Amino acid sequence: MIMSGYSFEKSFPVLYGDCNYKDEIRPSALLSFAQEVAGQSADELGFGYNDTIGDRCGFFITTTCCEMISPIRVGDVLQVSTWPLTPRHCIFERDYSVGKGEETVSLLTSRWCLVDLDTNKLLPPERLKAHANCPYRDERVMSPDWSLPKLRGDGKEVYSVQARLSHCDHFRHVNNTKYADFFMDCFSEEELEEKRVKSFRISYVKQVKAGEKLTFYRMDTGEGTALEARVNGEATTRFFVSFIRADEEKPKLKHIC
């Protein structure tokens, strides 16, 4: 599949600190790589953090969908490409392709909203000075399912953790990438030993500040595992993950960028 148009690309070596105890990349590291290229792409296009903070607005991520097509291990070098899609009303979307040499090893898509930092109101794309001339690219890497299961009264409590300053970003709430580690800690070593993450979806419902206590709940389904983080009983983040065994791996895909 050959794509054309704007994209921002950056290479990332996969280091030991990016991987789990099996030397396989953690979902949080993949989210960090995506966050990095998204930020640098936005900077390049004129609507990055430094461009928007002066107007008292900023981008908050709401949902990310990820397909982990092939194993990614320590020592691999990844080429991560991203581009923004044309906004719809107050919804901003961005796609990502992750390659290893000629092979596509992961695909991601994310949704964002532009927020007035004083009123918390959602803002339209016209608020951005760079919107009119932005080279949006409406080629998708996947057909995302943006929905995530709500556990409601279901789900088994797994553990709790207190949000710390080291978990927070410049908006002073827990950074989106940190939640992936929190959620993966809901699984035991025995559960993860013979399989790897195949796909995941993560949705950010409400900001969490340093000092707040997060409690995690789990519900297993036929298609995967639904997890939910709550503060004082209120859902703040949802996560749905599916796994694949080594004998179920599919043929490699040619990298797109």
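Okay, so let's go over this structure. (Residues numbered from 1 in each chain as written. Predicted model: local features only at pLDDT ≥ 70, side-chain atom pairs only at ≥ 80, totals over all residues. Heavy atoms only, no water.)

**Remarks on the overall build of the protein chain**
For step 1, the next point in the chain: When you go through the protein chain residue by residue, the secondary structure sums to 4 helices and 12 strands.
For step 2, the next point in the chain: Here the protein chain has a C-alpha radius of gyration of 18 Å; the compact-globule value for 257 residues is 18 Å, and the two agree.
For step 3, the next point in the chain: Counting across all 257 residues of the protein chain, residues that qualify as buried make up 52%.
For step 4, the next point in the chain: Once local pairs closer than 6 in sequence are excluded, the contacts in the protein chain between residues at least 24 apart make up 73%.
For step 5, the next point in the chain: Counting every atom, the protein chain has about 12,800 Å² of accessible surface; 49% of that belongs to carbon and sulfur.
For step 6, the next point in the chain: Counting 34 positive and 39 negative side-chain charges, the protein chain places the averaged centre of each group 4 Å from the other. (Helix = DSSP H or I, 4+ residues; strand = E, 2+ residues; numbered from the N terminus. Rg over C-alpha atoms; globule rule 2.2 N^0.38 Å. Buried < 20%, exposed > 50% of the residue type's maximum accessible area, 1.4 Å probe, protein only. Contact = heavy atoms within 4.5 Å. Areas by Shrake-Rupley, 256 points an atom, 1.4 Å probe, with all protein chains shown as cover. Lys, Arg positive; Asp, Glu negative; His and termini not counted. Charge placed at Lys NZ, Arg CZ, Asp CG, Glu CD.)

**Overview of helix α1 (residues 27-45)**
An α-helical turn contains 3.6 residues, so any two residues separated by three or four positions project in the same direction.
For step 1, the next point in the chain: With 19 residues, α1 should reach 27 Å at 1.5 Å per residue; the first-to-last C-alpha distance of 27 Å fits that figure.
For step 2, the next point in the chain: Those residues of α1 that fall on the buried side of the exposure criterion are P27, S28, A29, L30, L31, F33, A34, V37, A38, S41, A42 and L45. (Expected span 1.5 Å × (residues − 1).)

**Notes on the environment of G224**
For step 1, the next point in the chain: By the secondary structure assignment, G224 is in the loop between β9 (213-220) and β10 (225-231).
For step 2, the next point in the chain: According to the relative accessible area criterion, G224 is buried, its value standing at 12%.
For step 3, the next point in the chain: In this structure the C-alpha to C-alpha distance between G224 and F243, which are 19 residues apart in sequence, comes to 7.1 Å.

**Brief notes about the pattern of salt bridges**
For step 1, the next point in the chain: Counted according to the given criterion, the structure contains 17 salt bridges.
For step 2, the next point in the chain: Among the ionic pairs, R26 bridges to D181, the shortest N-O distance being 3.1 Å. Pair noted here: R26 is in the loop between β1 (8-13) and α1 and D181 is in helix α3 (residues 176-184), with a separation of 155 residues, a long-range link.
For step 3, the next point in the chain: Looking at R26, the relative accessible area reads 23%, which means it is partly exposed.
For step 4, the next point in the chain: For the salt bridge of K206 with E234, the shortest nitrogen-to-oxygen distance reads 3.1 Å. Placement of the pair is K206 in the loop between β8 (195-204) and β9 and E234 in strand β11 (residues 234-245), with a sequence separation of 28 residues.
For step 5, the next point in the chain: The class of K206 is partly exposed, set by a relative accessible area of 44%. (Salt bridge = Lys/Arg side-chain N within 4 Å of Asp/Glu carboxyl O.)

**Some thoughts on the pairing of β8**
For step 1, the next point in the chain: Taken across its 10 residues, β8 has 7 buried, putting it largely inside the fold.
For step 2, the next point in the chain: Looking at chain direction, strand β2 (residues 57-68) and β8 are connected through 5 bridges and run antiparallel. Note that in β8 the partner of E67 across the bridge is S199.
For step 3, the next point in the chain: Relative to β11, β8 runs antiparallel, the two sharing 9 bridges. Across the sheet, K195 pairs through a bridge with R245, a residue of β11. (Pairing = 2+ DSSP bridges.)

**A look at the nonpolar core**
For step 1, the next point in the chain: Core analysis: the biggest nonpolar cluster contains 68 residues, and I25, L78, Y179 and F200 have the highest contact counts within it.
For step 2, the next point in the chain: With residues up to four places along the chain from it excluded, the contact list for I25 reads V14, D18, C19, L30, F33, M68, I72 and L78. (Core = buried A, V, L, I, M, F, W, Y, C linked by side-chain atoms within 4.5 Å.)

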